[in-house]
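# Commentary on secondary and tertiary structure
What follows is the residue order along each chain.
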Protein chains: 2
Amino acid sequence: MLLKALKIDIKGNESFIILNSVDAEKLGINVGEKIQIKADKKYAIGVARPSRSMVKEGYAALSSDLATELGIIDGEGKTVEIKRIEYSLSFEYIRKKFKGYKLSDKELYQIIKDISEGKTSDLEVLMFVFSTYYNGMDINEIISASKAMAETGNRINLGEKVVDKHSIGGIPGNKVSLLIVPTFANSDFYIPKTSSKAITSPSGTADTMSVLANVDLEPSELMSVVKKTHGCIAWTGKLGISPADDKIIQVERPLRIDPEGLMIASVLSKKIAMGVKYMVLDLPYGNGTKIKDEKDGMQLAQKFKDVGEAVGIKITSALTYGSQPVGHAVGPALEAKEALESLINPYRAPNSLLMKSASLTGLLFENVGLVEKGLGYNAALSLIFKGKSYQKLKEIIAAQGGNPDVKPDDLPVGSYTYDVTAEKDGYITFIDNNEINTLTRLLGAPYDKGAGIYLYKKENYKVAKGEPIIRLYSNSESKIDQSLQYISQKKPYEISGMLIESYP
Amino acid sequence: MLLKALKIDIKGNESFIILNSVDAEKLGINVGEKIQIKADKKYAIGVARPSRSMVKEGYAALSSDLATELGIIDGEGKTVEIKRIEYSLSFEYIRKKFKGYKLSDKELYQIIKDISEGKTSDLEVLMFVFSTYYNGMDINEIISASKAMAETGNRINLGEKVVDKHSIGGIPGNKVSLLIVPTFANSDFYIPKTSSKAITSPSGTADTMSVLANVDLEPSELMSVVKKTHGCIAWTGKLGISPADDKIIQVERPLRIDPEGLMIASVLSKKIAMGVKYMVLDLPYGNGTKIKDEKDGMQLAQKFKDVGEAVGIKITSALTYGSQPVGHAVGPALEAKEALESLINPYRAPNSLLMKSASLTGLLFENVGLVEKGLGYNAALSLIFKGKSYQKLKEIIAAQGGNPDVKPDDLPVGSYTYDVTAEKDGYITFIDNNEINTLTRLLGAPYDKGAGIYLYKKENYKVAKGEPIIRLYSNSESKIDQSLQYISQKKPYEISGMLIESYP
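Rules used in this analysis
Residues numbered from 1 in each chain as written. Chains lettered and ligands numbered in written order. Predicted model: local features only at pLDDT ≥ 70, side-chain atom pairs only at ≥ 80, totals over all residues. Heavy atoms only, no water. Helix = DSSP H or I, 4+ residues; strand = E, 2+ residues; numbered from the N terminus. Expected span 1.5 Å × (residues − 1). Buried < 20%, exposed > 50% of the residue type's maximum accessible area, 1.4 Å probe, protein only. Axes fitted to C-alpha atoms, helices over the stretch in contact; angles between N-to-C directions. Parallel < 35°, antiparallel > 145°, perpendicular 65-115°, else oblique. Left-handed = near helix turned anticlockwise from the far one by under 90°. Contact = heavy atoms within 4.5 Å. Domains from an automatic or database assignment. Phe/Tyr/Trp six-rings, centres within 6.5 Å; stacked < 30°, edge-to-face > 60°. Least-squares fit on C-alpha atoms with pLDDT ≥ 70 in both. Pairing = 2+ DSSP bridges. Buried area = accessible area lost by both parts, 1.4 Å probe. Salt bridge = Lys/Arg side-chain N within 4 Å of Asp/Glu carboxyl O. Polar contact = N/O pair within 3.5 Å; in protein donor to acceptor, adjacent residues only side chain to side chain. Nonpolar A, V, L, I, M, F, W, Y, C, P; charged D, E, K, R; others polar.

The subject of this paragraph is helix 5 (residues 122–135) of chain B. Residue and element names in this part refer to chain B. An ideal rise of 1.5 Å per residue puts 20 Å on 14 residues; helix 5 measures up with 20 Å between its terminal C-alpha atoms. Of all 14 residues in helix 5, 12 are buried, a share of seventy percent or more. When helix 5 is considered as a whole, its buried residues turn out to be Asp122, Leu123, Glu124, Val125, Leu126, Met127, Phe128, Val129, Phe130, Ser131, Thr132 and Tyr134.

In structure tokens:
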């Protein structure tokens with residue numbers, strides 16, 4: 001069928017084509033089915049979205065990527081030929097996984113390639129995700145998927161001396177990368193730390209760093225920063241690495257599904273693409289984290305190690321204490337402030353932040369062979385206390401276009417604050433990570449960079465009735481109100497005294 | 001956030017809202033997340049689809065159902081308040097099923113209600129489908145889902161004497177409803193047969209009947225036809241029964257997934273909504289059908305019986321021979337023609353069509369207690385041979401606005417035909433149902449009502465080299481060519497001689 005092409009822009013995972021319901025019926029095309037579009041001598045594949053009134057009969061509106069692929073400019077009305085296509089090769093492979101069979105290297109490559117090129121519909125991607133969730137992925141499948149995700153996107157080449165640190169997440173206030181990167185970057189290795197912006201958490205590393213410098217780097221900008229300073233803290237957004245993974249995450253995220261096999265492939269595909277050769281993996285363990293128990297954590301560490309070996313990355317994992325936030329601050333600006341303060345004056349840094357950062361940096365030093373086993377922690381601490389880490393962070397901030405001389409107090413935090421106080425005397429016996437995350441998001445983070453919370457009191461701290469426990473920050477007064485309402489329903493912390501009850 | 005509302009119409013499963021990417025980012029909203037929209041004092045929920053250029057900052061385009069719900073007319077620019085909402089109750093229940101727990105009556109009702117009201121995204125519906133596929137549904141869950149699907153849509157009330165016939169499908173040429181309905185409608189019971197239009201098969205019952213009469217009936221029209229003639233053959237499209245099921249099928253279909261529990265609930269919800277009290281269920285069994293073996297078929301029959309009892313429908317199941325097409329004709333007009341011919345002159349009707357129709361009608365007669373066990377088949381045959389069934393079909397056609405005196409040869413079949421001939425002497429040893437279905441679709445069915453195939457020869461027929469085996473019909477010459485190409489690659493039938501090989 002010949003249709004006049006239009007260009008349209010709706011954000012989604014997929015290359016799609018809106019055509020009139022009458023035309024769709026004539027072609028026997030249903031919502032979500034794939035269509036082949038031919039313009040001049042170019043072919044592209046899109047997903048059908050029939051509409052009764054949005055486009056007239058005889059017209060087809062193409063998503064901008066499809067239009068670009070076919071050389072169609074908005075309003076031009078170029079004629080395209082469209083036809084319903086039978087299922088693609090990769091759909092057959094997705095069905096194979098769906099039924100519980102193992103996929104070969106070639107089959108996974110085809111699936112990942114089709115996903116990266118937008119040839120699959122959201123529903124097909126989700127089918128793949130569920131199939132890997134329920135049927136699992138073996139080590140070979142994870143290796144194949146990791147490689148395929150890396151190969152179908154941009155690659156960064158910084159030579160052989162490239163390391164990275166990664167956390168599987170789940171814990172609030174985990175600003176350790178802002179200490180680890182500048183500490184490690186004092187070596188002759190490169191540590192090009194990239195991370196996604198937070199979506200479900202209140203502040204990702206990229207959100208926190210964005211308070212101090214520009215994190216939206218193009219590949220060439222990243223290369224130049226890293227070559228100059230040996231480190232960077234950037235957002236993956238403009239790098240174009242592992243595009244299939246981005247699309248998989250986009251359908252997983254709203255549903256809060258994260259199959260282990262794809263999670264490992266997701267992490268490692270980005271490391272492969274960045275040319276990472278050594279890595280330390282942070283596995284936070286405790287209430288609200290992704291690790292059930294120590295055994296579970298060790299098994300995951302083993303899988304990462306096995307896949308890492310196959311793709312040329314030497315991985316050391318660390319199960320870390322994750323039952324409560326790291327440090328006292330949660331939220332982009334508050335975390336950046338706490339990190340900066342800790343590097344400027346490590347003697348006053350929160351113990352949890354300092355110890356975790358130095359431990360992970362130390363493991364990296366040992367992993368690459370710069371220091372002997374057991375000596376990494378002290379080597380890292382020494383760099384922090386000597387001010388080398390702060391000096392290096394300033395260099396990195398400058399290289400990423402920020403002000404290296406920024407003072408912690410210059411960082412703008414929420415203009416509205418509220419102190420939540422203890423309702424009785426006692427001890428803080430529990431801080432709920434999930435509630436802290438939700439609360440910080442309710443206050444406006446990560447979009448509102450100044451939104452967040454400061455925990456005056458952490459677990460085992462003694463409190464007296466009326467003493468402040470948490471300070472809330474937001475740039476919206478109504479969000480402070482909403483958060484207080486939330487706190488009254490769901491306690492993010494527990495206070496217990498020694499006396500539980502008295503009678504009469 | 002306050003935005004100006006616009007109305008838009010893109011067909012999809014879900015109530016959605018397109019907003020500018022900048023506004024979406026401000027609200028922390030991602031693709032596929034749910035948004036609460038408030039207009040005056042009305043609230044509605046839609047799924048977010050951020051766009052960079054389709055709507056300007058400050059505007060929100062609502063899908064037409066949402067706009068209607070909120071009383072928004074296109075172009076009006078009414079102000080609406082939108083905010084990101086935390087996950088709904090039903091999403092938590094979907095997650096519960098996803099993790100393998102059983103759902104209660106109340107939980108399933110909430111999920112089905114949210115699906116029927118478009119409050120769930122396609123991705124959430126699909127998550128529910130996959131969860132039931134991998135974790136199964138027990139009898140209680142199937143009962144709850146069937147009831148909920150029926151209760152959240154329109155209901156038809158024709159009293160207590162209502163029967164139906166249903167086939168789980170998969171077999172080409174299965175036009176038996178066109179014989180069963182008019183045969184059974186000679187009784188004092190009602191048989192309001194409704195069916196969906198074919199999507200993956202080349203002709204559904206509604207497609208075939210549409211050649212003879214109007215099948216797009218509103219509830220009141222259907223009631224009037226059935227009260228007058230005791231039967232009807234209609235499309236479910238305009239009846240508004242089991243809307244949740246329609247939405248579930250829309251996401252299942254492109255992926256070719258059909259979890260057993262939801263399939264049973266889908267069938268029975270529509271029967272409950274139609275007020276059916278007795279039912280015969282056709283379970284075609286053979287190559288390319290949905291039934292693996294006899295045991296599998298009997299287990300499925302048992303499940304249908306158990307759920308039927310709980311919802312007040314007495315179900316008799318029949319495992320039927322399904323290794324090759326029923327009769328000789330496949331495709332809407334060709335099937336309607338064969339059915340009409342068979343009722344006009346049963347002595348020349350294909351044996352498979354006559355026997356299957358009479359057997360199933362007979363089981364229905366026995367099920368409702370009109371005839372004794374074992375006598376149903378002959379009672380049905382007798383009505384067909386006495387011309388009572390043909391007379392009744394004419395009444396039904398007339399009541400549905402068709403021409404009751406239409407002759408089989410009046411029905412327009414494809415203007416292009418081609419006879420595929422035997423390449424050697426021998427016997428037809430195999431006809432592939434799936435290939436016959438694909439072939440008929442390639443010829444243009446079901447959209448092209450005249451497209452289809454006529455099988456001169458079925459299994460065990462003797463053929464001589466050069467004798468015609470299949471006649472192809474289409475209204476498009478190029479589709480005939482495409483089909484011939486397809487046949488040359490994938491044989492829809494096999495011819496074997498007695499001599500397999502010779503040497504030397």
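Before going further, it helps to examine the packing of helix 6 (residues 139–151) of chain B against helix 11 (residues 260–273) of chain B. Residues and elements named next belong to chain B. As a packed pair, helix 6 and helix 11 sit with axes 8 Å apart at the nearest point and diverge in direction by 45 degrees. Put simply, helix 6 runs oblique to helix 11. Considering how the two elements wind past one another, helix 6 and helix 11 form a crossing that is right-handed. Mapping the contact onto sequence places Ile142, Ala145, Ser146, Lys147, Met149 and Ala150 in helix 6 and Gly261, Leu262, Ile264, Ala265, Ser266, Leu268, Ser269, Ile272 and Ala273 in helix 11.

The subject of this paragraph is the domain arrangement of chain A. Split into domains, chain A comes out as domain 1 (2–84), domain 2 (89–136), domain 3 (163–238 + 268–399) and domain 4 (416–496). Relative placement of domain 2 of chain A and domain 3 of chain A: their C-alpha centres are 32 Å apart.

Right, let's talk about the packing of aromatic side chains for a bit. Applying the stated criterion across every chain yields a total of 20 aromatic pairs over all chains. Between Phe130 of chain A and Phe130 of chain B, the ring centres sit 5.0 Å apart and the planes meet at 20 degrees, which makes this aromatic pair stacked. Here Phe130 of chain A is found in helix 5 (residues 122–135), whereas its partner Phe130 of chain B is found in helix 5 on a different chain. On the numbers, 4.8 Å between centres and 70 degrees between planes, the contact of Tyr347 of chain A with Phe385 of chain A is edge-to-face. Placement of the pair is Tyr347 of chain A in the loop between helix 13 (332–344) and helix 14 (351–368) and Phe385 of chain A in helix 15 (residues 376–385), with a sequence separation of 38 residues.

All right, on to the side chain of Glu338 of chain B then. Residues and elements named next belong to chain B. Mapped onto the fold, Glu338 is located in helix 13 (residues 332–344). Overall, the relative accessible area of 4% leaves Glu338 in the buried class. Ignoring any residue separated from it by four or fewer positions in sequence, one finds Glu338 in contact with Lys175, Val326, Gly327, His328, Ala329, Pro350, Leu353 and Tyr454.

We now examine helix 7 (residues 177–184) of chain B. Of all eight residues that make up helix 7 of chain B, eight are buried, and the element is covered over most of its length. If you check which residues of helix 7 of chain B are buried, you get Ser177, Leu178, Leu179, Ile180, Val181, Pro182, Thr183 and Phe184 of chain B.

In this section: the relation of the copies chain A and chain B. Superposition of the two copies of the chain requires a rotation about an axis together with a shift along that axis. Least-squares fitting of chain A to chain B yields an RMSD of 0.1 Å, with the transformation described by 0.1 Å of translation along the axis and a rotation of 180 degrees. Viewed as a symmetry operation, the transformation between the two copies matches a two-fold axis. The fraction of interface residues of chain A whose copies in chain B are also interface residues reaches 100%, indicating that both copies meet through the same surface.

Moving on to the pairing of strand 5 (residues 59–63) of chain B. Residues and elements named next belong to chain B. Along strand 5, four of the five residues are buried, which leaves the element largely enclosed by surrounding structure. Alignment of strand 1 (residues 2–8) against strand 5, held across five bridges, turns out to be parallel. Counterpart to Lys4 in the pairing with strand 5 is Tyr59. When strand 2 (residues 16–20) meets strand 5, the two strands line up antiparallel, connected through three bridges. When the sheet's bridge partners are listed, Leu19 is paired in strand 5 with Ala60.

On to the sheet that holds strand 10 (residues 278–285) of chain B. Residue and element names in this part refer to chain B. Here we have three strands laid out as an open sheet, ordered 7-10-11, and parallel in their pairing. Only two strands of the sheet have a single neighbouring strand rather than two, namely strand 7 (163–167) and strand 11 (314–321). Neighbour-to-neighbour, the strand axes of this sheet turn through a mean angle of 20 degrees, independent of strand direction. Relative to strand 10, strand 7 is paired through five bridges, and the arrangement is parallel. Looking across to strand 10, one finds that His166 is bridged to Leu281. Here helix 11 sits on the sheet in contact with strand 7, strand 10 and strand 11, set at roughly 160 degrees to strand 7.

A separate point is unusual backbone geometry. If a residue is not glycine, its phi is most likely negative; likewise, a peptide bond is most likely trans. Residue and element names in this part refer to chain A. Residue Pro446 is reached from Ala445 by a cis peptide bond, and omega for that bond is 5 degrees. Phi is positive for Asn460, close to 75 degrees, though the residue is something other than glycine. Its place among the elements puts Asn460 in the loop between strand 15 (452–455) and strand 16 (462–463).

If you look at the interface, chain A gives 46 residues, while chain B gives 46 residues. Across the chain A to chain B interface the summed buried area is about 4,400 Å²; carbon plus sulfur atoms make up 57%. Taken together, the connections running from chain A to chain B amount to two salt bridges. Ionic pairing is found between Glu92 of chain A and Arg256 of chain B, a salt bridge with its closest N-O pair at 2.7 Å. Our enumeration of links across chain A and chain B arrives at 10 residue pairs in polar contact (both at pLDDT 80 or more). Only helix 1 (21–27), strand 4 (42–51), helix 3 (89–98), helix 5 and helix 10 (243–252) of chain A provide two or more residues apiece to the side of chain A that touches chain B. When residues in the side of chain A that touches chain B are grouped by element, the largest group, 10 residues, is from helix 5 of chain A. Looking at the side of chain A that touches chain B residue by residue, the classes come out as 21 nonpolar, 10 polar and 15 charged.

Before going further, it helps to examine the environment of Glu477 of chain A. Relative to the helices and strands, Glu477 of chain A resides in helix 18 (residues 477–489). Glu477 of chain A sits 43 residues away from Asn434 of chain A along the chain, and the two C-alpha atoms are 23 Å apart.

Residues and elements named next belong to chain B. Across three bridges, strand 1 lies against strand 6 (residues 79–84) in antiparallel orientation. From the neighbouring strand, Leu2 faces strand 6, where its bridge partner is Glu81. The pairing of strand 3 (residues 34–39) with strand 6 spans four bridges and is classified as antiparallel. The residue bridging Ile37 from the neighbouring strand is Ile82, located in strand 6.

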